[in-house]
Amino acid sequence: MTQKEDQVAGLILAAGGGRRLGGRPKALLGHRGRPLVEYAVGVLRTAGCTRVHVVLGAAADAVRERAALDGCVLVENPEWERGMGSSLRAGLESLAGTGAGAALVSLVDQPGIGPEAAARVLAAYRDDTSLVSAAYDGVRGHPVLLGAAHWAGVAASAGGDRGARAYLKAHEDAITLVECGDVARPYDIDTEADLAHLE
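Since we're looking at a predicted model, the values are computed, not measured.

So what about the nonpolar core? Which residues, and what values?
If you look at the biggest cluster of nonpolar residues, it comprises 46 residues, and the most contacted ones within it are Ile-12, Val-37, Val-54 and Leu-104. At the level of secondary structure, the elements contributing two or more residues to this core comprise strand E1 (8–14), helix H2 (36–47), strand E4 (52–56), helix H3 (60–66), strand E6 (102–107), helix H5 (115–123) and strand E7 (131–136). Among the elements that make up this core, the one with the highest residue count is H2 (eight residues). Not counting residues up to four positions away in its chain, the partners in contact with Ile-12 are Ala-40, Val-41, Leu-44, Val-52, His-53, Val-54, Val-55, Ser-106 and Val-108. One finds Leu-13, Val-75, Ala-100 and Tyr-167 within the second-largest nonpolar core, a separate group that totals 24 residues.

See below:
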């Protein structure tokens, strides 16, 4: 195991209730014969994350039951209805004290972003001050690597569905952008029409 793999923990935000999908939790949507959350865990593990924390919210019990998440730390976000910001905070809190130098954050509803993109972002990790983001034709996207030195600031500014956006905007100069447009497609599964992306 390389030092990098040991120091960067994977963090999957999978708490959303799929409001625009008729209330179907995104974590349980099927993709390649498995629940989406299971696929997302596989992506981060293949990319090199040995530790993966998964933030659950909507239908958390059903997700625990139906998805094979062995070896993952499952974090329940009781405030998941407040949006992605609360899930990001819960996930970062769960990593405090684990010795992780950074979190590689991915969203459960972006199955077009596979291990290649995640591995590229992971490879740009240097130390706990790292801020790295995948880019698609130069535009910042996911996954995002947040060094532990930034966690308190990210948590303080994360609200609603914004996640780390405000913090990253304020620290734009410090972000290392890693182009991933050649290996990944950053679409979200948000609406019925988006379900066509699932395999």
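Which residues make up the environment of Leu-92, and what values go with them?
Tracing the chain through its elements places Leu-92 in helix H4 (residues 84–95). For the pair Leu-92 and Leu-44, spaced 48 residues apart in the sequence, the C-alpha separation amounts to 16 Å.

Tell me about the packing of H2 against H5, and please be specific about residues and values.
Viewed as axis vectors pointing N to C, H2 and H5 meet at an angle of 50°, and their least axial separation amounts to 8 Å. The orientation of H2 with respect to H5, classified from their angle, is oblique. The element H2 and its partner H5 pack so that their crossing is right-handed. Contacts between H2 and H5 involve Val-43, Leu-44, Thr-46 and Ala-47 from the first element and Pro-115, Ala-118, Ala-119 and Leu-122 from the second. Among the residues forming the contact of H2 with H5, the class breakdown is seven nonpolar, one polar and no charged.

Can you explain empty space enclosed by the protein? Please cite residues and give values.
In this approach the atoms are scanned with a rolling probe the size of a water molecule, which exposes any empty space left behind. With the rule as written, the count across this model stands at one cavity of 30 Å³ or more. Roughly 120 Å³ of volume is contained in the largest cavity. Lining the largest cavity are 15 residues; nearest its centre among them are Val-43, Ser-106, Leu-107, Gln-110 and Ile-113. The dominant element in the lining of the largest cavity, judged by the number of residues it contributes, is H2, at five residues. Across the lining of the largest cavity, the residue classes tally to 11 nonpolar, four polar and no charged.

Reading guide: rules and limits
Per-chain numbering applies: the sequence of each chain, read as written, is numbered from 1 onward. Selection of residues for local features in this predicted model requires a pLDDT of at least 70, selection of side-chain atom pairs for listing and counting requires 80 or more, and totals for whole chains, interfaces and linings are taken over all residues. The basis for every side-chain value is the complete set of heavy atoms in the structure, and neither hydrogens nor water enter the calculation. To form a nonpolar core, buried Ala, Val, Leu, Ile, Met, Phe, Trp, Tyr and Cys residues must be joined to one another through side-chain atoms within 4.5 Å. Burial classes: relative accessible area under 20% of the type maximum marks a residue as buried, over 50% as exposed, and values in between as partly exposed (1.4 Å probe, protein chains only). Per the convention used, a helix needs a DSSP run of H or I reaching at least four residues, while a strand needs a run of E reaching at least two, with both numbered from the N terminus. Between two residues, a contact is recorded if the distance between any of their heavy atoms is within 4.5 Å. Fitted lines through C-alpha atoms serve as axes, helices being fitted only where they are in contact, and the angles separating the N-to-C directions of these axes extend from 0 to 180 degrees. Throughout this description, any angle smaller than 35 degrees is read as roughly parallel, any larger than 145 degrees as roughly antiparallel, any in the 65 to 115 degree range as roughly perpendicular, and the remainder as oblique. The crossing is said to be left-handed when, going from far helix to near helix, the turn is anticlockwise and less than a right angle, and right-handed when the turn is clockwise. Side-chain classes are defined by residue name, with Ala, Val, Leu, Ile, Met, Phe, Trp, Tyr, Cys and Pro counting as nonpolar, Asp, Glu, Lys and Arg as charged, and the others, Gly among them, as polar. Note on definitions: the grid is 1 Å and covers protein atoms alone; a cavity is a set of points where a 1.4 Å probe fits but cannot get out; a pocket is an open set with protein on both sides within 12 Å along at least five of seven lines; lining residues have an atom within 4 Å of a point. Grid points are joined across faces, edges and corners, and a volume is the space filled by probe spheres set on the points.

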